[in-house]
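Survey of secondary and tertiary structure
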Amino acid sequence: MSDPLKMFDVNGNVALITGASGAFGMVAARVLAGAGCNLVLAAGNQDALDEIAKECEALGATVLAINTRPTDEASCEALVDEAVNNFGKLDILVVASGMNKVAPINEMAPETFDAVMDANVNQSWLLARAAAVHMKQSEYGKIIFVSSARSILGHPAGYTAYCASKAAVNGITKALGCELGPTGITVNAIAPTVFRSPLTAWMFEETDEAKAVRDGFLTRVPKGRLGEPEDLAGPLLFLASRASDFYTGHILHADGGYTAG
């Protein structure tokens, strides 16, 4: 305990981040690159993937960018194999890929519900399954899922698929945390509420509509503001480092107290 900052040291670790061109994926990529990790970044948007890969390289990371989504067992296993084949190991998995489709229940096609569940639940499970094979061999690994405040709270605007999928991610996190506990692998999830990203930028604007929506939302946020990417950086580094070795099966709500009240 004479140098507690060493517990947060991930320098030289290898991290696979799916959904690396998305809001949370980009945060994870920048944080882990800046902390000294080697990165495998996977995303379906080639232009955005190239951009975040260049950012991470400028931060000093060695980056392998793969233009693909983890859509099935084979693609999930291939991503993990790419990480191990290129860097010799896999220390950290961040599953930031996913989907949200919003519609009232009688206007949502069953196929749409299935697609959201597949992207958020099945693919998270498949990636963890593939990563665990290699992490068990080294008796060390950090699996980090992305949940949401909506995993424990409903929403009136047609969020049945999204809420159900993120609740399922919580269940996987807890079950895998128990199952993999003896192996040296930790399994945890970060559950944000609204934070600044290209999709939510309108909520931060000073328009009448944005102010009305923001003010209504903030009545339930004890910290009194919306989230910033920096608010996710600390929790992510904690869960990705040895500082969290005794923490598994947890859902860490990065929400300004939104789910506490």
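A short tour of the structure in this document, coming up. (Residues numbered from 1 in each chain as written. Predicted model: local features only at pLDDT ≥ 70, side-chain atom pairs only at ≥ 80, totals over all residues. Heavy atoms only, no water.)

1. Describing the side chain of Ser148
Rules: Where helices and strands are cited, they refer to DSSP runs of H or I of at least four residues and of E of at least two residues respectively, numbered from the N terminus. The buried label applies to any residue whose accessible area, calculated with a 1.4 Å probe on protein chains only, is under 20% of its type's maximum; exposed applies above 50%, and partly exposed to all values in between. As used in this structure description, the phrase polar contact means that two N or O atoms lie within 3.5 Å; if the pair is within protein, one of them must be able to donate a hydrogen and the other to accept it, and residues adjacent in sequence are counted only when both atoms belong to side chains. Contacts: residue pairs with any heavy atoms within 4.5 Å of one another.
Residue placement: Ser148 occurs in the loop between β5 (141-146) and α5 (160-180). For Ser148, a relative accessible area of 6% puts it in the buried group. Reaching out from Ser148, the side chain makes a polar contact with the backbone nitrogen of Arg150 at a distance of 2.9 Å. Ignoring sequence-local partners within four residues, the contact set of Ser148 consists of Tyr162, Lys166, Ile190, Ala191, Pro192 and His253.

2. Some details on the packing of aromatic side chains
Quick reminder of the rule: When the centres of two rings from Phe, Tyr and Trp lie within 6.5 Å, Trp using its six-membered ring, the rings pair. Their planes under 30 degrees apart give stacked, over 60 give edge-to-face, and anything left gives tilted.
All told, the structure shown has 3 aromatic pairs when counted by the stated rule. Consider the rings of Tyr159 and Tyr162, whose centres lie 5.9 Å apart with planes at 90 degrees: the pair is edge-to-face. Ring centres of Phe238 and Tyr247 lie 5.2 Å apart, and the angle between their planes is 75 degrees; this geometry places the pair in the edge-to-face category. The exposure class assigned to Tyr247 is partly exposed, which follows from its relative accessible area of 40%.

3. Describing a nonpolar patch on the surface
Quick note on the threshold: Grouping into patches uses exposed residues only, defined as over 30% relative accessible area, and leaves out salt-bridged ones; the cut-off is 9 Å for like charges and 5 Å for nonpolar side chains (Val, Leu, Ile, Met, Phe, Trp, Tyr). The Shrake-Rupley method, run with a 1.4 Å probe, gives the accessible areas here. Residue values count only the displayed protein chains as cover. The salt bridge criterion pairs a side-chain nitrogen of Lys or Arg with a carboxyl oxygen of Asp or Glu, the two atoms within 4 Å.
Together, Met1, Leu5, Met7 and Phe8 give the surface a local cluster of nonpolar side chains, amounting to about 470 Å² of exposed area. Under the relative-accessibility criterion, Met7 is labelled partly exposed at 33%.

4. Looking at the packing of helix α3 (residues 73-87) against helix α4 (residues 110-138)
Quick reminder of the rule: All axes are obtained by fitting lines to C-alpha atoms, using only the stretch in contact for helices, and the reported angles, taken between N-to-C directions, cover 0 to 180 degrees. Angle categories are assigned with fixed cut-offs, so that under 35 degrees is roughly parallel, over 145 is roughly antiparallel, 65 to 115 is roughly perpendicular, and the rest are oblique. Note on convention: near helix rotated counterclockwise from far helix by under a right angle means a left-handed crossing. Clockwise means right-handed. Each residue gets one label: Ala, Val, Leu, Ile, Met, Phe, Trp, Tyr, Cys and Pro are nonpolar, Asp, Glu, Lys and Arg are charged, and the others, such as Gly, are polar.
Put simply, α3 and α4 touch, their axes get as near as 9 Å, and they point 40 degrees apart. Accordingly, the angle class assigned to the pair α3 and α4 is oblique. Remark: the crossing between α3 and α4 carries right-handed chirality. Between α3 and α4, the residues in contact are Glu73, Cys76, Glu77, Leu79, Val80, Asp81 and Val84 and Gln123, Leu126, Leu127, Arg129, Ala130, Ala131 and His134, respectively. Of the residues in the contact of α3 with α4, the class split is 8 nonpolar, 2 polar and 4 charged.

5. Considering the pattern of salt bridges
In the structure shown here, the tally under the stated rule is 10 salt bridges. As a salt-bridge pair, Glu55 and Arg30 come within 2.8 Å of each other at their nearest N and O atoms. Of this pair, Glu55 sits in helix α2 (residues 46-58) while Arg30 sits in helix α1 (residues 23-34), placing them 25 residues apart in sequence. Judged by relative accessible area, which is 29%, Glu55 ranks as partly exposed. The class for Arg30 is partly exposed, based on a relative accessible area of 32%. Among the ionic pairs, Asp245 bridges to Arg242, the shortest N-O distance being 3.2 Å. Each of Glu73, Glu77 and Arg129 takes part in one network of salt bridges that share partners.

6. Some remarks on α1
To keep things clear, this is the line we draw: Expected span of a helix: the number of residues minus one, times 1.5 Å.
The terminal C-alpha atoms of α1, which comprises 12 residues, lie 17 Å apart, in line with the 16 Å expected from a rise of 1.5 Å per residue. Burial analysis of α1 places 9 of its 12 residues in the buried class, which makes it a mostly covered element. Buried residues of α1: Phe24, Gly25, Met26, Val27, Ala28, Ala29, Val31, Leu32 and Ala33, and no others. Just downstream of α1, Gly36 is the residue with a positive phi angle, here 100 degrees.

7. Some points on the environment of Asn67
Following the sequence through the fold, Asn67 ends up in the loop between β3 (63-66) and α3. Sequence spacing of Asn67 and Thr160 is 93 residues, and the spatial spacing of their C-alpha atoms is 30 Å. Discounting residues that sit within four places of it in the chain, Asn67 has contacts with Ala43, Gly44, Asn45, Gln46 and Leu49. In terms of polar contacts, Asn67 uses its side chain to reach the backbone carbonyl oxygen of Ala43, at 3.0 Å. Side-chain polar atoms of Asn67 contact the backbone oxygen of Gly44, separated by 3.0 Å.

8. Here we look at the sheet that holds strand β4 (residues 92-95)
Rules: Strands are treated as partners if at least two bridges between them are detected by DSSP.
If you trace the 7 strands from one edge of the open sheet to the other, you get β3-β2-β1-β4-β5-β6-β7, paired in parallel fashion. At either margin of the open sheet sits one strand with a lone partner, and together these are β3 and β7 (251-254). Across this sheet, the average inter-strand angle for adjacent strands is 15 degrees, counted without regard to direction. Sheet analysis places strand β2 (residues 38-42) next to β3, joined by 4 bridges and oriented parallel. When the sheet's bridge partners are listed, Leu41 is paired in β3 with Ala65. Along the sheet face, α1 touches β1 (14-18), β2, β4, β5 and β6 (185-192) and points at about 165 degrees away from the line of β1.

These results come straight from atomic positions and should not be treated as a statement about function.
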